[in-house]
Structure formats: C-alpha cells, structure tokens
Amino acid sequence: MKENYKLQHKTALLNPYGSVVRVLEADPAKLLVGIKNVKSIPNSLMHKLEPAGFTLHTIDKKSQLAGRAVDTLLINPISGRWMSGSSSGTAINVFAGINDLGIGNDGGGSVLAPAISVNILSFISKLIEADRPQSLKPNTDNMTASNSIGFMARDKKILYQAIRASIGIEPAEETGLILADRDYPPLKTQIIDIKDPMAPRAELTVYLKEVLAQCDVLMISEGPIDRNGFGDSLFGHFDESTQRIQQAAGKGYVRVCNLADATALSLPQAALGTATLLMCESKPEKIARLLHAGEQLEEVHDALIERYFLDLNNYFIDDYEI
C-alpha cells in the first residue's frame, strides 16, 4: 500500500474544501488521480496512465458555469479568495494532497490558472488525446477553439511521468533557442520585449503563434493570478472599472496558450500565485526541448504551506478519552 493512501482517501471522503464530487475506491499501491467533472476527458486517458502507476481516485468539482475563469463556490485555500477556474476542484485536491495528479481541460487558462493560483505545477498540450471528439463553443471573447487536456501535480517527477505515459515524449538533451522576458538561470536565453500580457486575447493569440514559430521555447513570468483582482471576463466586460479589476488578477499568456495551439508548462515561483510559464508549438521535438528546459529549473516548495496543508492529519481531531 502507498504510504499515505489511507489518509488521502479519508480526506477525500471528508471533502474539507467542497472540491470533491465523488470518491472512488482506488488502487492503494498507485499514485492517486482526480479528474475534472467534464465529459470531454475520455476514459482512454486513464487507460494510458494506469500501466504507468496511476489510479483514479476522485471526480472533481469544476466552476458552476462551464468554462468560467473563477469558481465563486470554492475558496483558494491559501488566499481565502474565490478559486480560479474552471478546473478549480482538481487544483485544490492536488494542492491539498488528496491526489497526486489532477486532470482537467483548458480552453483559456482553465488548467494553468488554477494551478498557478495555488503554486502547483501544470502542463497542457493539444497532443493529449488529440483525436477525441469535441463540441466547439465560442468563449467570452467570441473566439472558438478546441480545448486541451492538462495535468496538475505538486511534484515534477509525477508530472513528467504522466506526460510520458500520455504522449510518449521524453525530455530532449538540449533546449534549442529559448526566447524569454528575462534571465532564467541556469538556462541560456535570448531576452526579448514581449507583448503586453493584458492585451486583448485575439491580439495576444496571433502574437504568441508568431513568436513560437521563431523559437523552440518561450519563457515568461506569469501572475500573481487571482491574488490582487478578479480574473474573469464575464465580470470584466462591463466597463473600464471592472476591466481594471480583471486585469489586476494577473492572467496574461495563460489565457491564450490553448487558443494559440501551444503546449505549456507552468512551474511555481516563490511568490504566491506566480509561475514561470514555458510555451512551445505542439510539435514533439519542441515539447521535448521544453521538458528539458523545465528539468533545469529548480523546484520551488514552501515549507510552511506544506507543513500546514500536506499533513493530512491536520484535518482530523485526535482520539481522546473523556
């Protein structure tokens, strides 16, 4: 039995954050997986992950309105603000240690943003279950695109394990040309001026496609997400005042990675709700270079947060005699 299984399962049943829809009897020897409660994530994905050591554990809550960028029914466990969406419950269940891996879908940041908001890792790619059928609907900016499936994890090794099992891509031995908004030691990067992350999504999508065609990997710092504002276009569309509040939420390039058909990897930085975002065209050779670049960056973990949230005994009162 995996060392922490009983506590993970017990905590899932307790559902302290309201982030679990259903708890399943999982294989206690494997890594536990939570899946966003949507039909667009096919069973075939778990069939690929199971031989690689994963087992389905929970069905996770999503934003109450399909695809909404915030979830007004869930609270970010760190900040106490409304949780980023729409893969909100999946991100919380990974952050809180209920699951080792989360699976969501991302149309305009729905995997990347909630993961970054609670300082866990994430990855999206059009190559994950690329042949699955999808029903296309316009987003709040009236842009129509298929969504990407993505993973969330607290541990880079677990994230890479899921990537390997799902799309069969291993990190390359070199990174190729990396364009970046600043230096990211120890990587060798070419610094460029990037387009304003708060530019309209249609403009930013075109720009991102153009830049990714010119390099192997693009790296930027993203966030802080939903820490200083309310990152939801339904809220932001009313007037200049609500738009400013939406922009203060720090959702920049995460909004357009999927729209630009990009593969993206987010790695937490030390500040709350911030991440290094690595992006590339969804081509196997470029994804392999992106994964190699991600390997070179040191993992950031907050000891105090992990002490409070990852000791699952904290959710239960010790037995005592009366």
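The structure displayed is predicted, hence computed values, not measured ones. Throughout, residues of each chain are indexed from 1 in the direction in which the sequence is written. Reporting of local features is limited, given that this is a predicted model, to residues whose pLDDT is at least 70; pairs of side-chain atoms are given and counted only at 80 or more, and all residues count toward the totals for whole chains, interfaces and linings. Side-chain numbers here rest on the full set of heavy atoms in the structure, without hydrogens or water.

Focus on empty space enclosed by the protein
This is how the line gets drawn: Note on definitions: the grid is 1 Å and covers protein atoms alone; a cavity is a set of points where a 1.4 Å probe fits but cannot get out; a pocket is an open set with protein on both sides within 12 Å along at least five of seven lines; lining residues have an atom within 4 Å of a point. Grid points are joined across faces, edges and corners, and a volume is the space filled by probe spheres set on the points. Charged residues are taken to be Asp, Glu, Lys and Arg, nonpolar residues to be Ala, Val, Leu, Ile, Met, Phe, Trp, Tyr, Cys and Pro, and polar residues to be all remaining types, Gly included.
Scanning the entire structure with this criterion turns up 1 cavity of 30 Å³ or more. Roughly 40 Å³ of volume is contained in the largest cavity. Every residue lining the largest cavity is listed: Leu121, Lys156, Leu267, Pro268, Leu297, Glu298, Glu299 and Val300. Broken down by class, the residue content of the lining of the largest cavity amounts to 5 nonpolar, no polar and 3 charged.

Some points on the pairing of strand β8 (residues 148-153)
How we decide: Buried, partly exposed and exposed residues are distinguished by accessible area as a fraction of the type maximum, computed with a 1.4 Å probe on protein chains only: under 20%, between the cut-offs, and over 50%, respectively. Put simply, DSSP marks the helices as runs of H or I at least four residues long and the strands as runs of E at least two long, and each gets a number from the N terminus on. Strand pairing is defined by DSSP finding a minimum of two bridges between the two strands.
With respect to burial, β8 is a largely interior element, 6 of its 6 residues being buried. Burial of the side chains of β8 extends over both faces: Ser148, Gly150 and Met152 are buried on one face and Ile149, Phe151 and Ala153 on the other. The pairing of strand β6 (residues 101-106) with β8 spans 6 bridges and is classified as antiparallel. Along β8, the bridge assignment pairs Asn105 with Ile149.

Remarks on the nonpolar core
The condition that has to hold: For the purposes of this section, nonpolar cores are sets of buried Ala, Val, Leu, Ile, Met, Phe, Trp, Tyr and Cys residues that join through side-chain atoms within 4.5 Å. Note on definitions: a residue-residue contact is assigned when non-hydrogen atoms from the two residues lie within 4.5 Å.
Counting residues in hydrophobic clusters, the biggest one holds 41 residues, and the most contacted among them are Ile120, Leu208, Leu218, Tyr253, Leu277 and Met279. Those elements that provide at least two residues to this core are α3 (88-95), α4 (112-117), α6 (201-212), β11 (217-222), β12 (262-268) and β13 (275-281). The biggest single contributor to this core is α6, with 5 residues. Apart from residues lying up to four places away in sequence, Leu208 is in contact with Leu218, Tyr253, Val256, Cys257, Ala260 and Met279. Formed by 39 residues, the second largest nonpolar core is a distinct cluster that contains Phe54, Leu101, Ile103 and Ile158.

Quick word on the layout of surface pockets
Space inside the second largest pocket adds up to approximately 280 Å³. Around the second largest pocket, the lining is made up of 18 residues, and of these Phe95, Val118, Asn119, Asp302 and Ile305 lie nearest the centre. A class-by-class count of the residues in the lining of the second largest pocket yields 12 nonpolar, 3 polar and 3 charged.

Some words on the pairing of strand β3 (residues 54-60)
Two faces belong to every sheet, and in a regular strand the side chains alternate between them. Rule in force here: Note on handedness: a clockwise path from strand one over the helix to strand two, with the strands aimed away from the viewer, defines a right-handed crossover.
Among the 7 residues of β3, 6 are classified as buried, and the element is accordingly described as predominantly covered. The sheet contact formed by strand β1 (residues 20-23) and β3 spans 3 bridges and is antiparallel. Counted as the bridge partner of Val23 is Thr58 from β3. With 6 bridges connecting them, strand β2 (residues 31-36) and β3 associate as parallel partners. Bridged to Lys36 within β3 is Asp60. The parallel pair β2 and β3 is bridged by helix α2 (residues 43-49), and the resulting crossover is right-handed.

With respect to the environment of Ala52
With respect to the helices and strands, the residue Ala52 is situated in the loop between α2 and β3. In this structure, the C-alpha to C-alpha distance between Ala52 and Lys30, residues 22 residues apart in sequence, is 9.0 Å.

A word on the sheet that holds β12
Read across the open sheet, the 11 strands follow the order β1-β3-β2-β6-β8-β7-β12-β13-β11-β9-β10; overall the sheet is mixed. Across the chains shown, the open sheet's two edge strands, defined by having one partner strand only, are β1 and β10 (190-191). Of the strand pairs in this sheet, β12 and β13 are connected by 7 bridges, and their pairing is antiparallel. Bridge pairing links Leu265 to Leu278 in β13.

These values are about where atoms sit, not about what they do.
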